[in-house]
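# Working through the structure, step by step
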Amino acid sequence: MVSIPAQPYDYELPSLDRVALVIIDMQRDFLESGGFGEVLGNEIGQLRQIVPTVRQILDTFRDRGLSIFHTLEGHQSDLSDCPPSKLKRGKSQLKIGDLGKMGRILILGEPGNEIIPELQPLPNEVVIPKPGKGAFYQTNLRSCLQQQGITHLIFTGVTTEVCVQTTMREANDRGYECLLVEDATASYFPKFKQSTLEMIRAQGGIVGWTTTSNQIIQALSLDRDLEGKITTNNRASV
Ligand code: C5J
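Residue indices follow the written sequence of each chain, beginning from 1 at its first position. The predicted origin of the model limits local features to residues at a pLDDT of at least 70 and limits the giving and counting of side-chain atom pairs to 80 or more, whereas totals for whole chains, interfaces and linings rest on all residues. Think of the side-chain values as coming from all heavy atoms in the structure, minus any hydrogens and water.

### Quick notes on the overall build of the chain
Helix and strand content of the chain: 9 helices and 10 strands. With respect to the three principal axes, the spread of C-alpha positions in the chain is 70 × 40 × 30 Å. Here's how the labels work: a residue is buried when its accessible area is under 20% of the maximum for its type, exposed when over 50%, partly exposed in between, all with a 1.4 Å probe on protein chains only. Going through the 238 residues of the chain one by one, you find that 50% of them count as buried. Lys and Arg are tallied as positive, Asp and Glu as negative. Neither His nor the chain termini are counted. By convention, charge coordinates are those of NZ in Lys, CZ in Arg, CG in Asp, or CD in Glu. Within the chain, the 28 negative side-chain charges are centred at a point lying 4 Å from the centre of the 24 positive side-chain charges. By definition, any uninterrupted DSSP run of H or I lasting at least four residues is a helix, any uninterrupted run of E lasting at least two residues is a strand, and each is numbered from the N terminus.

Next comes the structure, spelled out in structure tokens:
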């Protein structure tokens, strides 16, 4: 059992093989100039600030050999999975599927739809392309989690109040124990991020828990020390 100090109370991990890190939509479309986020009129600087922290958590999970999932918001090139309401929404000059600075906007396989270089997935990590804001909608995320016996999800990524929150709510309704890393998630609107953190952990953790990257990294390292001692003791007694 690993206990992570969190709000509204400690988050308990029964076993490390039940937990996965979920990195939501850290793709060029949202974090680089000329992508969907900027086209919608947003300032991308807010989002870029979390990249080193997400990387630290990713490295901790990689180091421990734990499960890692990346998601990507994007559509088929014929837009058959993009509802007309999503396509029409907004008054920007460029829309989903139009040619932007990084290829066609929010289309799977285009350069802008790649995960940013700092967080490129390794071959053993699962990448879930998704047409919606939530990562459970029209994807195989749930079956992948079930196959691996995952019950606990630790969330990072962007944007806090859109794809991160939508996915956490979907996961919560499906019975997953969800923890959001406060300094590893970002919004183009800082006050929306703050409100989302408060909403998630209100009412005794109605959607889940929130904590900081330091608490997670420390908790996973403490567990490693513990395992190290157990191994040493076992060896000593053989
Ligand atoms: C948005 C996302 N904001 N990943 N997508 O359209 O949050």
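Having seen it, we continue.
### Things to note about the pairing of strand 8 (residues 152–158)
Within strand 8, 7 of the 7 residues are buried, which leaves it mostly tucked inside the rest of the structure. Where burial is concerned, the two faces of strand 8 agree: the one with His152, Ile154, Thr156 and Val158 and the one with Leu153, Phe155 and Gly157 are both buried. Should DSSP find at least two bridges between two strands, the strands are taken to pair. Looking at chain direction, strand 8 and strand 9 (residues 177–186) are connected through 6 bridges and run parallel. Paired with Leu153 across the two strands is Cys178, which belongs to strand 9. Read as a crossover between parallel neighbours, the route from strand 8 over helix 7 (residues 160–173) to strand 9 is right-handed. With the strands aimed away from the viewer, a crossover counts as right-handed if its path from the first strand over the helix to the second runs clockwise.

### Here we look at helix 8 (residues 190–205)
Across its 16 residues, helix 8 extends 21 Å between first and last C-alpha, which sits within 8% of the 22 Å expected from 1.5 Å per residue. For helix 8, the full list of buried residues reads Lys193, Thr196, Leu197, Ile200, Arg201 and Gly205. The span expected for a helix works out to 1.5 Å for each residue beyond the first.

### Let's talk about the side chain of Thr167
With respect to the helices and strands, the residue Thr167 is situated in helix 7. Think of a polar contact as two N or O atoms within 3.5 Å of one another; within protein, one of them needs to be a possible hydrogen donor and the other a possible acceptor, and neighboring residues in sequence only count if both atoms come from side chains. At 3.0 Å, the side chain of Thr167 and the backbone nitrogen of Ala135 are in polar contact.

### What to know about the confidence of the model for the chain
Of all residues in the chain, 93% attain a pLDDT of 70 or more, and the chain-wide mean is 93. In the model, residues 230–238 has pLDDT below 50 throughout and makes 0 contacts with residues more than four positions away in sequence or in other chains. pLDDT runs from 0 to 100 and stands for how confident the predictor is about each residue. Only heavy atoms enter the contact rule, under which two residues are in contact if any of them lie within 4.5 Å.

### Describing the site of the ligand
The environment of the ligand is made up of Asp25, Phe30, Glu73, Lys133, Val158, Thr159, Val162 and Cys163. The Shrake-Rupley method, run with a 1.4 Å probe, gives the accessible areas here. Residue values count only the displayed protein chains as cover. Protein burial of the ligand: of its 230 Å² of free accessible surface, 92% is covered by the chains. Residue composition of the shell around the ligand, grouped by class: 4 nonpolar, 1 polar and 3 charged. The nearness test applies per residue and asks whether one of its heavy atoms lies within 4 Å of the molecule or strand. When residues are sorted by character, Ala, Val, Leu, Ile, Met, Phe, Trp, Tyr, Cys and Pro go into the nonpolar class, Asp, Glu, Lys and Arg into the charged class, and all the rest, Gly among them, into the polar class.

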